[in-house]
Amino acid sequence: MNKLYIDKIRSDFPILSREINGNKLVYLDNAATTQKPNLVIDSISDFYKNTNSNVHRGIHTLSIESTEAYELAREKIAKLINSPSSETVIWTRNTSESINLVAFTWGEKNISSGDNIVITPMEHHSNIVPWQQIAKKKDAEIRYLPMTKDGKIELSNISKIIDSKTKIVSLTHISNVLGTINPVKKITEIAHKNDAVVLLDAAQSVPHMPVDVIELDVDFLTFSIHKMMGPTGIGILYGKKHILSEMPPYMFGGDMILEVSYEKDAKWNSLPYKFEAGTPNFADAVASGVAVDYLNQLGLENIWQHEKKITEYAMNKLSELKKIHILGSLDSNDRGGVISFYHQDIHPHDLGTALDQRGIAIRTGHHCAMPLVRSYDIVAAARISFYIYNTFEEIDIFISSLKEIEGYFTK
Ligand SMILES: Cc1ncc(COP(=O)(O)O)c(C=O)c1O
């Protein structure tokens, strides 16, 4: 993608022309959340100005329009991930809620004492803690797939971990710390041979690359709309229909029921509504559909290729700085657009603050993956992460600022 095209894309994002501490914003914290284009921002205010009404409830025009817009957005999400139907696409609040939903409904029903749950050492807390909680409740074991120092799953040893007692393998598609792209198809094949299901945490993949649930054959897929140019407070759980149909509801209340009486039991609504209790976040769902339109307009393959180039460029530049240590693989072909690193003499928080003074937003800390960051014998790391609107010039500004800060701290 040439510079002119990226500049045109950048002009769709009002925040990118902001100044921070007297400098032009360089936003390199996209793995935490992404910026929003005008189309998405405008769709939210347009919805409240023109269409706002509760969904699935009214027979009046506004409610019908609102319901249609809400369901159309669901269909757009289904198409984006190649879900065979929109029935199997459930709106949640975010990836964390989607994983919790699976752990405490599917897990509650299917995990028993002596079973095991397999995850990887590179999971975000939201794909560790729910499993630990359900494992504790059910007296099940948590197992970790073996990982090399450069952040790759060791497939040769995997059959020692995934066995006939494995009920679920829950793993990230792309690590939010190491950038590792995991071999999902291979792991899924092994899990299925052992009659285990697979949950793919796609928080860092669906926004950046084409993801196809049929091709990957995963049983569940989770992601957050705020990481793909859409609004906050809304996320997705996809599941295979026969699995979702058998799962008990997660929350109870309006819209998720078919029939309620004064007696003890109610009848549950069909998919996907069984999992959507109460008034849903329909305004943001509609804006999510607009975010999907925008992503499709740019092309996910184009986004992926642009990020790969930016990542390679940034990795090469960072590797020239001898006191910087990159976590994970040093081969940019193995990664998505995420690079975590530390400076051997400067605390990441000092680095983050000094960069912020120059208008550069990066993430510092444990990145919600405390066990992983600690496994590298550090307490915190700095992280830069990219999206379609990042430029090579921004990487140059970041690197020259890093050199300047290094000079200042280490003189
Ligand atoms: C890989 C991964 N999984 C899960 C999450 C949690 O997403 P959310 O905070 O939107 O629930 C994140 C967020 O950074 C992530 O990067």
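None of the values given here were measured: they were computed from a predicted structure.

Chemist: Any details on the site of the ligand? Residues and values, ideally.
Modeler: Near the ligand you find 14 residues, and of these Ser-96, Asp-201, Gln-204, Ser-224 and Lys-227 are the closest. In this structure, Ser-96 approaches the ligand through a side-chain N or O atom, which is 2.6 Å from an oxygen atom. Measuring from an oxygen atom of the ligand, one finds a side-chain N or O atom of Ser-224 at 2.6 Å. Considering the ligand on its own, with 390 Å² of exposed area, one finds that the protein chains cover 88% of that surface. Taken together, the residues of the shell around the ligand sort by class into two nonpolar, 10 polar and two charged.

Chemist: I'd like a rundown of helix 7 (residues 184–193), residues and numbers included.
Modeler: For helix 7, the complete set of buried residues consists of Val-184, Ile-187, Thr-188, Ile-190 and Ala-191. Seen from one end, helix 7 has its buried residues packed into an arc of 165°, which puts them on one side. On its buried face, helix 7 sits against helix 6 (158–161), strand 7 (166–172), strand 8 (197–201) and helix 8 (213–216). A positive backbone phi angle near 60° is found at Asp-195, which sits one or two residues after helix 7.

Chemist: Would you mind going over the pattern of salt bridges in detail, with residue names and values included?
Modeler: Applying the stated rule across the entire model yields 22 salt bridges. Note that Lys-76 and Asp-293 form a salt bridge whose closest N and O atoms lie 2.8 Å from each other. Pair noted here: Lys-76 is in helix 3 (residues 61–80) and Asp-293 is in helix 10 (residues 282–298), with a separation of 217 residues, a long-range link. Judged by its relative accessible area of 34%, Asp-293 falls in the partly exposed class. Each member of the salt-bridge network shares a partner with another, and the members are Glu-71, Arg-74 and Glu-276.

Chemist: Now, about the sheet that holds strand 17 (residues 381–385): what can you tell me, with residues and values included?
Modeler: The strand order across the open sheet formed by four strands is 13-14-17-16, and the pairing between neighbours is antiparallel. The sheet is open, and its two edges are formed by strand 13 (324–326) and strand 16 (363–365), each paired on a single side. Averaged over all adjacent pairs, the angle separating strand axes in this sheet is 30°, with direction ignored. Two strands pair when backbone bridges link them, and strand 16 and strand 17 are joined in this way by three bridges, in the antiparallel orientation. Among the inter-strand pairings, Thr-364 is bridged to a residue of strand 17, identified as Ala-382. Packed onto the sheet, helix 11 (residues 300–319) meets strand 13, strand 14 (338–343) and strand 17 and runs at close to 10° relative to strand 14.

Chemist: Account for the domain arrangement of the chain, with residues named and values stated.
Modeler: Taken domain by domain, the chain comprises domain 1 (3–28 + 299–410) and domain 2 (51–297). If you look at the interface, domain 1 gives 34 residues, while domain 2 gives 32 residues. Together domain 1 and domain 2 conceal approximately 2,500 Å² of surface at their shared face, both sides included; 60% is due to carbon and sulfur atoms. Counting the contacts that link domain 1 with domain 2 gives one salt bridge. Salt-bridge contacts for Lys-152 lead to Asp-334; the nearest nitrogen and oxygen are separated by 3.0 Å. On the surface where domain 1 and domain 2 come into contact, there are 18 residue pairs in polar contact (both at pLDDT 80 or more). Going through the elements one at a time, helix 11, strand 14 and helix 13 (370–374) are the ones with two or more residues in the side of domain 1 that touches domain 2.

Chemist: Outline helix 14 (residues 392–410), listing residues and values.
Modeler: Over its 19 residues, helix 14 extends 27 Å from the first C-alpha to the last, a length consistent with the 27 Å expected when each residue adds 1.5 Å. Residues of helix 14 that are buried include every one of Glu-394, Ile-395, Phe-398, Ile-399, Ser-401, Leu-402, Ile-405 and Glu-406, and no others. Seen end-on, helix 14 carries its buried residues on one side only, within an arc spanning 165°.

Chemist: Describe the pairing of strand 5 (residues 116–119), with residues and values.
Modeler: Side chains Asn-116 and Val-118 project from strand 5 onto one buried face, and the interleaved Ile-117 and Ile-119 project onto a second face that is buried too. Judged from the four bridges that link them, strand 5 and strand 6 (residues 141–144) form a sheet pairing that is parallel. Counterpart to Ile-119 in the pairing with strand 6 is Tyr-144. Handedness of the β-α-β unit built from strand 5, helix 5 (residues 129–138) and strand 6 comes out right-handed. Where strand 5 meets strand 7, three bridges bridge the pair, whose relative direction is parallel. Directly across from Ile-117, in strand 7, lies its bridge partner Ile-168.

Chemist: Tell me about the nonpolar core, residues and numbers included.
Modeler: Within the largest apolar cluster, 74 residues are counted, with the highest numbers of intra-cluster contacts made by Val-206, Leu-221, Phe-223, Met-228 and Ile-388. Here the element with the most residues in this core is helix 10; it accounts for eight residues. Counting contributing residues, this core receives three or more from each of domain 1 (3–28 + 299–410) and domain 2 (51–297). If we skip the residues at most four places from it in the chain, Met-228 touches Thr-34, Leu-80, Val-206, Pro-207, Phe-223, Ala-291, Val-292, Leu-295 and Tyr-387. In terms of nonpolar packing, the next biggest core, distinct from the first, is built from 25 residues, Ile-310, Ile-360, Ile-384 and Phe-386 among them.

Reading the values: rules and limits
Residues numbered from 1 in each chain as written. Predicted model: local features only at pLDDT ≥ 70, side-chain atom pairs only at ≥ 80, totals over all residues. Heavy atoms only, no water. Near = heavy atom within 4 Å. Polar contact = N/O pair within 3.5 Å; in protein donor to acceptor, adjacent residues only side chain to side chain. Areas by Shrake-Rupley, 256 points an atom, 1.4 Å probe, with all protein chains shown as cover. Nonpolar A, V, L, I, M, F, W, Y, C, P; charged D, E, K, R; others polar. Buried < 20%, exposed > 50% of the residue type's maximum accessible area, 1.4 Å probe, protein only. Helix = DSSP H or I, 4+ residues; strand = E, 2+ residues; numbered from the N terminus. Arc of directions from axis to C-beta. Contact = heavy atoms within 4.5 Å. Salt bridge = Lys/Arg side-chain N within 4 Å of Asp/Glu carboxyl O. Pairing = 2+ DSSP bridges. Axes fitted to C-alpha atoms, helices over the stretch in contact; angles between N-to-C directions. Domains from an automatic or database assignment. Buried area = accessible area lost by both parts, 1.4 Å probe. Expected span 1.5 Å × (residues − 1). Right-handed = clockwise from strand over helix to strand, strands pointing away. Core = buried A, V, L, I, M, F, W, Y, C linked by side-chain atoms within 4.5 Å.

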